Amino acid sequence: MFLTKRSILLQFALAMTIAVSIIFCTAPSRAFQAQLTPKSPALGDTISLITQSQTAPSVRFNGKTYPSFDLGNNRYRTLLPTTPLDRPGRLSIQVTAGTDTQTIPLTLRNRSFPTQSIWLPPGKDSNGDDAEFDRVDAFKAIVSPEKLWSGKFLRPNQGEVSSGYGIRRYYNGVFAKDYYHRGIDYAGGQGSAIVAPAAGRVVLIGRESQGFRVHGNCVGLDHGQGVESIYIHMSRIDVKEGDFVKPGQRIGAVGATGSATGPHLHWGVFVHSLAVDPTPWRTGTFE
């Protein structure tokens, strides 16, 4: 069988088309883009990872896998907590979207935290029991799908800050190993108002009379997508479990219940069960 010049050219063109198609199909591609905020995080910061991808990414950081949430337009956000107990220095975030995996390097800056001595009087120095901490741990682990907060968090009490986040402590002369102050204390007067800093649902009510000997009377709010906040040592609770609260809504009053040396509000913010610095949540926004 003889081939004409035209048929030879057609076969050559077809072969080139197939070869080009193979090159385009097998060439590696970056299936997604990722952006970190803040760009230079320090111990205690909440890191926001925004990923532009066709599918929801799987994100692994510090030995844990964290969920991502859809922001629309093929954008996904993952919140990554850090604490004073983490090791500062060079770290990495592994992001997998579909068949593409990227490793994102970051440097976690060190941060100096002061040391404080606390002397608790007899009856206020309880270590609590398993039932109390089991309920609080279950509260911190909630990851509800809907984002309820919007914008910056409000100040929950108008008292002066008496203890900052991350402080290491001696309790009655004994250093508390692996402890750091997991929130901010406001020295509000007895009975002064405590307000919700952001929209959320009341998912924890603890009472000193029912065994909350460390936290005292307390309220836990779920702000959605693994973000929770807690209010400890309250004198009065003005909400009940299941209530939806708005930013600025009164939820109770300052007291000295539980392990407290005097009236104050302890306010803690948790991201995926870890206590992060609440300050960036008041000074900035997390989309």
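Residues numbered from 1 in each chain as written. Predicted model: local features only at pLDDT ≥ 70, side-chain atom pairs only at ≥ 80, totals over all residues. Heavy atoms only, no water.

So, the overall build of the chain
Counting its regular elements, the chain contains 3 helices and 21 strands. Residues counted as buried form 45% of the 287 residues belonging to the chain. Of the contacts made within the chain by residues no fewer than 6 positions apart, 66% connect residues no fewer than 24 positions apart. Carbon and sulfur atoms form 54% of the exposed surface of the chain, whose accessible area is close to 14,700 Å². (Helix = DSSP H or I, 4+ residues; strand = E, 2+ residues; numbered from the N terminus. Buried < 20%, exposed > 50% of the residue type's maximum accessible area, 1.4 Å probe, protein only. Contact = heavy atoms within 4.5 Å. Areas by Shrake-Rupley, 256 points an atom, 1.4 Å probe, with all protein chains shown as cover.)

Focus on the confidence of the model for the chain
The share of residues in the chain with pLDDT of 70 or more is 87%, and the mean pLDDT across the chain is 89. Predicted confidence for residues 1-29 stays below pLDDT 50, and this span has 3 contacts to residues more than four positions away or in other chains. (pLDDT = per-residue confidence, 0-100.)

Details of the nonpolar core
The biggest cluster of nonpolar side chains holds 55 residues, and the ones touching the most others in it are I93, V219, Y231 and W281. Of the residues forming this core, the biggest block, 6 residues, is contributed by strand β17 (residues 227-237). When near neighbours in sequence (up to four residues on either side) are disregarded, I93 contacts L36, L49, V59, R60, F61, L80, Q102, T103, I104 and L106. (Core = buried A, V, L, I, M, F, W, Y, C linked by side-chain atoms within 4.5 Å.)

Some points on unusual backbone geometry
In this chain, T37 is followed by P38 through a cis amide linkage whose omega measures -5°. Unusually for a residue other than glycine, N73 sits at a positive phi of about 55°. As for its placement among the helices and strands, N73 is situated in the loop between β5 (69-72) and β6 (75-81). Taking the relative accessible area as the measure of exposure, N73 reaches 69% and is therefore exposed.

Focus: the side chain of R169
The topology assignment puts R169 in strand β11 (residues 168-171). Among the residues examined, R169 registers a relative accessible area of 7% and is labelled buried. Within polar-contact distance, the side chain of R169 engages the side chain of Q116 at 2.8 Å. (Polar contact = N/O pair within 3.5 Å; in protein donor to acceptor, adjacent residues only side chain to side chain.)

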